[in-house]
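Observations on the three-dimensional arrangement
Listed below are the residues making up each chain.
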There are 2 protein chains.
Amino acid sequence: MTPVNENFAKLPGSYLFSTVARRAAAYQEAHPEAELIRLGIGDVTKPLVPAVIEALHRAVEEMGRAETFRGYAPDLGYAFLREAIAAGDFQARGCDIGPDEIFVSDGAKSDSANIQELFGPEARIAVCDPVYPVYVDSNAMAGRCGTYDPEKEKWDRVIYMPCTAENGFTPALPEEEPDLIYLCSPNNPTGTALSRQALQGFVDYAGRTGAVILFDAAYEAYIEGEEIPHSIYECEGARTCAIELRSFSKNAGFTGLRLGYTVVPRDLVRNGASLHAMWKRRHGTKFNGAPYIVQRAGEAVYTPEGQAQIRAQIGGYKDNARILREGLERAGYQVFGGVHSPYLWLKAPGGMTSWEFFDCLLTRASILGTPGSGFGPSGEGYLRLTAFGRREDSVLAMERIAGMEL
Amino acid sequence: MTPVNENFAKLPGSYLFSTVARRAAAYQEAHPEAELIRLGIGDVTKPLVPAVIEALHRAVEEMGRAETFRGYAPDLGYAFLREAIAAGDFQARGCDIGPDEIFVSDGAKSDSANIQELFGPEARIAVCDPVYPVYVDSNAMAGRCGTYDPEKEKWDRVIYMPCTAENGFTPALPEEEPDLIYLCSPNNPTGTALSRQALQGFVDYAGRTGAVILFDAAYEAYIEGEEIPHSIYECEGARTCAIELRSFSKNAGFTGLRLGYTVVPRDLVRNGASLHAMWKRRHGTKFNGAPYIVQRAGEAVYTPEGQAQIRAQIGGYKDNARILREGLERAGYQVFGGVHSPYLWLKAPGGMTSWEFFDCLLTRASILGTPGSGFGPSGEGYLRLTAFGRREDSVLAMERIAGMEL
């Protein structure tokens, strides 16, 4: 009988956001009159900016004419986009990253799930706790996480780095030595960001131990001021120990358009193998390029008009974050994040569990959040809200919360 | 030191089409005056049809307005597309496949590389020889292929099913019992198609042994007449043993737009595990949906106008195939395929190897083919040409070949 991948059966429950979506649908069906405010999934709501829409129309026109039609894209992305990325996201910040170190993809979710394929089955991973579930789930599917203990809500081969109010949501360096360290800053779900010093500490640690850091910078566009690094390549030594994952979803509203990229520096070598060459091979063998029209849309993000328009759009979401933060604080909640990030990390009141608080908000205020425990054991007792809703919904949500009896 | 995936180092050379592209670029640089005719990579050249272009423009408009903007797509694809596919590609042919058994993706290359993740590391694969390289390479990266022997050009754990002129390019049932059987019909690269009887034979075999068939039907739109099945679900018993992979690349020219889908029937269970549920989990965890605008483009393919337009487009490519086939036969070559398929499989004359013949065509006629040996050991001595070029190039290529001295 054909053997199946037995690691799938070890995964607890379903993918977090699928569960949240199912519960929301069930509630809506039972209460068709309820006007649900969706602050759960981190999905944007503002339309694509005009520079992007124009670029899409132009590229669609090209695809409709024989002289300008484009078939298969280069595996690793069109040069026009890779050059715009290298210049706009890295060289402009003094980071030494070239266009040929950029690998364009259909989004950071795919990349963050696929990147583990470069490593051996025995590699041990360390993750922040709480954390975006894809890092752990993708490694669990590859058999790297050991066994899941539903009591502790932990995998026995994963090294968890707690991020709690007590440590200011800055994880300590792991005590057990990991091979792969997933870091996300500004962090999903806690909405907090690593300082330059803290991130440099991880780079130095990886430099000493030989670990590889997988740095997810999907939310970098929300960083304010100069204190927080936007890229791990702002840290000294990162070219030899770090891979960076980037997304167009949250900075330019591409969640439904799908575009992301991964940076694998040429200097990143382990056991004599170039991870750059390996990812190139992986990309070339298992992926066939992001759509031409979407790559042109991505290019438009880096034009002066595109930059001005997405800055304004992000500003709108940051206003929402402020509205949520201030509203929650006024209502007496303990709340973190929401400054360098579109996420707010809310302590459940009265000792409620995450799912209890999720149900409470859903049934008493028709507000959809995401239970913190879905992001890891240290997320228990918290709930994530996102600032990606509409402004009026953010205001309305805070009115409902202010009037909500607990 | 962080362990890398050692299976990558076992892969021979680079991905076939990357090598072909590099050699072509080197030749073009050395001979800037040469007018290269590219009949190598199976990439389409005709622009997207008007129904698709209109659907794209409409969907782009929607993405630019707040009321109609769409964020994350449903993981498994929009219902409008899954319903159009189930009705148009399956129910219209009497195949019992429902919309919820369709998983929309960014293309059949990704799906055919990722589908192996559902199976155990010890699963043994059988492939046609010659074959599309992604099936073997993706399994080699997962450690399922054993060791590569460069002398024999074979992996020692792969079961090869030779497809040669001698057996009419219809593989015999494997002698050693595989767990996974990759079939592609109409086949890439040989351009030949499995008869209904031959395909039913494989389904019956899988029914008896418990093997799972991974059926790649990317080229089904080129099938003529009623004798050759378009879908494996036209065969009795396939719902319990077969997964089908489909592409919009070759039927609607989406190579640069990226859209495909995989059918995993609910009845497909191995060792108590539903492969349907596993693929759903895999898709939900590692993929974030195909772009909304591209899914709308896919939907347009199933409208009456879309169908008429793509039929005409495919007719043009089929004309090219006829031009190539007749031209090659007139020039005295032994040629296969090109009837139910856009590919022609050409025997190298005078005992040349595939790469020798590749160089010969490149340097003497500035024609770019793909060496048959790149598709597997039984491809040695053959070369693949594609009918996806422009008509005038197909005509010119045959003129050059007619005048070429060997």
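Residues numbered from 1 in each chain as written. Chains lettered and ligands numbered in written order. Predicted model: local features only at pLDDT ≥ 70, side-chain atom pairs only at ≥ 80, totals over all residues.

For the rest of this paragraph, the subject is the relation of the copies chain B and chain A. When chain B is fitted to chain A, the residual RMSD is 0.0 Å, and the transformation amounts to a turn of 180° plus an axial shift of 0.0 Å. Expressed as an axis order, the relation between the two copies is that of a two-fold axis. Relative to the rotation axis, the C-alpha of B:His57 is the closest in chain B, positioned 3.1 Å from it. Take the interface residues of chain B: 100% of them recur as interface residues in chain A, which is what a same-surface contact looks like. (Least-squares fit on C-alpha atoms with pLDDT ≥ 70 in both. Contact = placed C-beta atoms within 7 Å.)

A negative phi angle is the norm for most residues apart from glycine, just as the trans form is the norm for most peptide bonds. Omega for the peptide link from B:Asp129 to B:Pro130 comes to 5°, which places this bond in the cis form. Along the chain, B:Pro130 falls in the loop between strand 3 (125–129) and helix 6 (133–141). Residue B:Pro189 follows B:Asn188 across a cis peptide bond; omega there is 20°. As for its placement among the helices and strands, B:Pro189 is situated in the loop between strand 7 (180–184) and helix 7 (196–209). At A:Arg258, a position not held by glycine, the phi torsion is positive, near 70°. Position of A:Arg258 relative to the elements: it lies in the loop between helix 8 (249–252) and strand 10 (260–263). For A:Arg258, a count of 30 C-beta atoms within 10 Å gives the class buried. Phi is positive for B:Asn271, which is not a glycine, with a value near 50°. By the element assignment, B:Asn271 lies in the loop between strand 11 (269–270) and strand 12 (273–274). (Helix = DSSP H or I, 4+ residues; strand = E, 2+ residues; numbered from the N terminus. Buried ≥ 20, exposed ≤ 12 C-beta atoms within 10 Å, placed from the backbone.)

With that out of the way, let us pick up the interface of chain B and chain A. Each partner contributes to the interface: chain B provides 69 residues, whereas chain A provides 69 residues. Put simply, the parts of the chain that give the side of chain B that touches chain A at least two residues each are helix 1 (7–10), helix 3 (50–63), helix 5 (108–114), helix 6, helix 9 (275–286) and helix 10 (292–301) of chain B. Split by residue class, the side of chain B that touches chain A holds 35 nonpolar, 19 polar and 15 charged. (Nonpolar A, V, L, I, M, F, W, Y, C, P; charged D, E, K, R; others polar.)

Our focus in this paragraph is the domain arrangement of chain A. Residue and element names in this part refer to chain A. Here chain A is described as being made up of domain 1 (11–47 + 305–402) and domain 2 (53–302). Just the C-alpha atoms count here: the centres of domain 1 and domain 2 sit 24 Å apart. Each partner contributes residues to the interface: domain 1 has 33 residues there, and domain 2 has 38 residues. Taken together, the elements giving at least two residues each to the side of domain 1 that touches domain 2 come down to helix 11 (304–330), strand 13 (335–337) and strand 14 (343–347). The greatest single-element share of the side of domain 1 that touches domain 2, amounting to six residues, is contributed by helix 11. (Domains from an automatic or database assignment.)

Moving on to the sheet that holds strand 10 of chain A. All names here are of chain A. Here we have seven strands laid out as an open sheet, ordered 2-10-9-8-7-3-6, and mixed in their pairing. Unpaired on one side and paired on the other, strand 2 (102–105) and strand 6 (159–162) mark the two borders of the sheet. Across the sheet, the mean angle from the axis of one strand to that of its neighbour is 20°, orientation sign disregarded. Across four bridges, strand 3 (residues 125–129) lies against strand 6 in parallel orientation. What sits directly across from Val-127, in strand 6, is Tyr-160. (Pairing = 2+ DSSP bridges. Axes fitted to C-alpha atoms, helices over the stretch in contact; angles between N-to-C directions.)

Between its terminal C-alpha atoms helix 3 (residues 50–63) of chain A stretches 20 Å, which fits the 20 Å expected from 14 residues at 1.5 Å a residue. Along helix 3 of chain A, the residues classified as buried are A:Ala51, A:Val52, A:Ala55, A:Leu56, A:Ala59, A:Val60 and A:Met63. Along the axis of helix 3 of chain A, the buried positions cluster into a sector of 165°, meaning they face one direction only. In this fold, the buried residues of helix 3 of chain A make contact with helix 8, helix 10 (292–301) and helix 11 of chain A together with helix 3 of chain B. (Expected span 1.5 Å × (residues − 1). Arc of directions from axis to C-beta.)

The subject of this paragraph is the environment of A:Ala308. Examined against the element boundaries, A:Ala308 turns out to sit in helix 11. Distance in space between the C-alpha atoms of A:Ala308 and A:Asp393 is 25 Å, their sequence separation being 85 residues.

If you look at the biggest cluster of nonpolar residues, it comprises 255 residues, and the most contacted ones within it are A:Val127, A:Ile213, B:Val127, B:Tyr182 and B:Ile213. Filtering out sequence-adjacent residues up to four positions away, A:Val127 remains in contact with A:Tyr135, A:Val136, A:Val158, A:Tyr160, A:Met161 and A:Tyr182. (Core = buried A, V, L, I, M, F, W, Y, C linked by C-beta atoms within 7 Å.)

All names here are of chain A. What the four strands build is an open sheet, ordered 13-14-17-16; its pairing is antiparallel. Edge positions in the sheet fall to strand 13 and strand 16 (370–371), since each has one partner strand and no second. Looking at chain direction, strand 14 and strand 17 (residues 382–386) are connected through five bridges and run antiparallel. When the sheet's bridge partners are listed, Tyr-343 is paired in strand 17 with Thr-386. Of the strands in this sheet, strand 16 and strand 17 are in contact with helix 12 (residues 354–365), which crosses strand 17 at around 45°.

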